[in-house]
Amino acid sequence: ERALRIFEKTAGRTHRTTTTCIASLAEVSRENGKLARATELHLDVVTRLRDVVTEEPKRTPGLASALLRLGEVRLMSKDVQGAHTAFEEAVWLCEVRWGEHDKRTAPARARLAEVLLQRGQAQAALEQAERGLAALDVEGANRERLEKVLLLAEAAIKKAKLKA
């Protein structure tokens, strides 16, 4: 916390070093089970980065990453709506920055698809998973997450049709 105050005074409240320090404090809080504090800190980073992204578009990846971390902590806190909102904004930012078919959209799209499925929105989850898998060169954990959501969403849609 003392380092953060020093960074804010010397580098400024939106400098990369300052926001990285806050994000690190948030992760320590999360790891120690202090989810409310972690959420507060991640939200602080998101707010600070939103303030500068319009003037410095190159900071968009940092904001998208901060939104992903905020969404993760909100999920851990059982705030599914808050997580959904964070992941949705991260997808939008990635699409604006790199385009819909860039692989850098995959992490945000995978998390959004998972949350949509968790909320019972199988069709929307299926669409996000398909769009994520259509991105170029998606691999590893992101591909696995998207493929899993795709299968689960298809099964949920079939089940709903059988009940109807």
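On a predicted model such as this, the values are computed, not experimentally measured, just so you know.

## Overview of the overall build of the chain
Part 1 of the argument: Of the regular secondary structure elements, the chain holds eight helices and zero strands.
Part 2 of the argument: Reading the secondary structure of the chain in the N-to-C direction produces α-α-α-α-α-α-α-α.
Part 3 of the argument: Along the first, second and third principal axes, the C-alpha set of the chain runs to 60 × 35 × 25 Å.
Part 4 of the argument: Sorting the 164 residues of the chain into buried and exposed places 41% on the buried side.
Part 5 of the argument: The contacts in the chain between residues at least 6 apart in sequence include a share of 54% that link residues at least 24 apart.
Part 6 of the argument: Summed over its atoms, the accessible surface of the chain is roughly 9200 Å², and 53% of this surface lies on carbon and sulfur atoms.

## Focus on the packing of helix 7 (residues 122-134) against helix 8 (residues 140-163)
Part 1 of the argument: Between helix 7 and helix 8, the least distance of the axes is 8 Å, while the angle of their chain directions is 145°. Between helix 7 and helix 8 lies a crossing whose hand is left-handed. Counting all contacts with helix 7, which are made through A122, Q123, A125, L126, Q128, A129, E130, G132 and L133, the residues of helix 8 involved are R143, L146, E147, V149, L150, A153, E154, A156 and I157.
Part 2 of the argument: When grouped by side-chain class, the residues that make up the contact of helix 7 with helix 8 number eleven nonpolar, three polar and four charged.

## Considering the confidence of the model for the chain
Part 1 of the argument: The pLDDT averaged across the chain works out to 91; a share of 99% of its residues lies at or above 70.
Part 2 of the argument: Element-level pLDDT for the chain is lowest in helix 1 (residues 2-10), with a mean of 82, against a maximum mean of 95 in helix 6 (residues 106-118).

## Quick look at the packing of helix 5 (residues 80-98) against helix 6
A packed helix pair is summarised by two numbers, namely the angle formed by the two axes and the spacing between the axes.
Part 1 of the argument: As a packed pair, helix 5 and helix 6 sit with axes 8 Å apart at the nearest point and diverge in direction by 145°. The two elements helix 5 and helix 6 meet at a crossing, and its hand is left-handed. Counting all contacts with helix 5, which are made through V80, A83, H84, F87, E88, A90, V91 and E95, the residues of helix 6 involved are A108, R109, R111, L112, V115, L116 and Q118.
Part 2 of the argument: Looking at the contact of helix 5 with helix 6 residue by residue, the class counts come to nine nonpolar, two polar and four charged.

## Focus: the environment of R97
Part 1 of the argument: As for its position among the elements, R97 is in helix 5.
Part 2 of the argument: Measuring from C-alpha to C-alpha, the distance between R97 and K58 comes to 8.7 Å, with 39 residues separating the pair along the chain.
Part 3 of the argument: Aside from chain neighbours lying at most four places away, what touches R97 is P57, K58, T60 and P61.

Rules used in this analysis
Every chain's residues receive numbers from 1 upward, in the order its sequence appears when written. Only residues with pLDDT of at least 70 get local features here, since the model is predicted, and only at 80 or more are side-chain atom pairs given and counted; chain-wide, interface and lining totals rely on the full set of residues. Side-chain measures here rest on the full set of heavy atoms in the structure, leaving out hydrogens and waters. Comment: elements are numbered from the N terminus, with helices defined as DSSP H or I runs of at least four residues and strands as E runs of at least two. Remark: exposure states derive from per-residue accessible area (1.4 Å probe, protein chains only) relative to the maximum for the residue type, with buried under 20%, exposed over 50%, and partly exposed in between. Residue contacts are counted whenever heavy atoms from the two residues lie within 4.5 Å of one another. Where accessible areas are quoted, they stem from the Shrake-Rupley method and a 1.4 Å probe; at the residue level, only the protein chains shown are allowed to cover. To define axes, lines are fitted to C-alpha atoms, for helices over the stretch in contact only, and angles between the resulting N-to-C directions are given on a 0 to 180 degree scale. Each crossing is labelled by how the near helix is turned from the far one, with a counterclockwise turn of less than a right angle marking it left-handed and a clockwise turn marking it right-handed. Only Asp, Glu, Lys and Arg are considered charged, only Ala, Val, Leu, Ile, Met, Phe, Trp, Tyr, Cys and Pro nonpolar, and every remaining residue, Gly among them, polar. A residue's pLDDT is simply how confident the predictor is in it, with values from 0 to 100.

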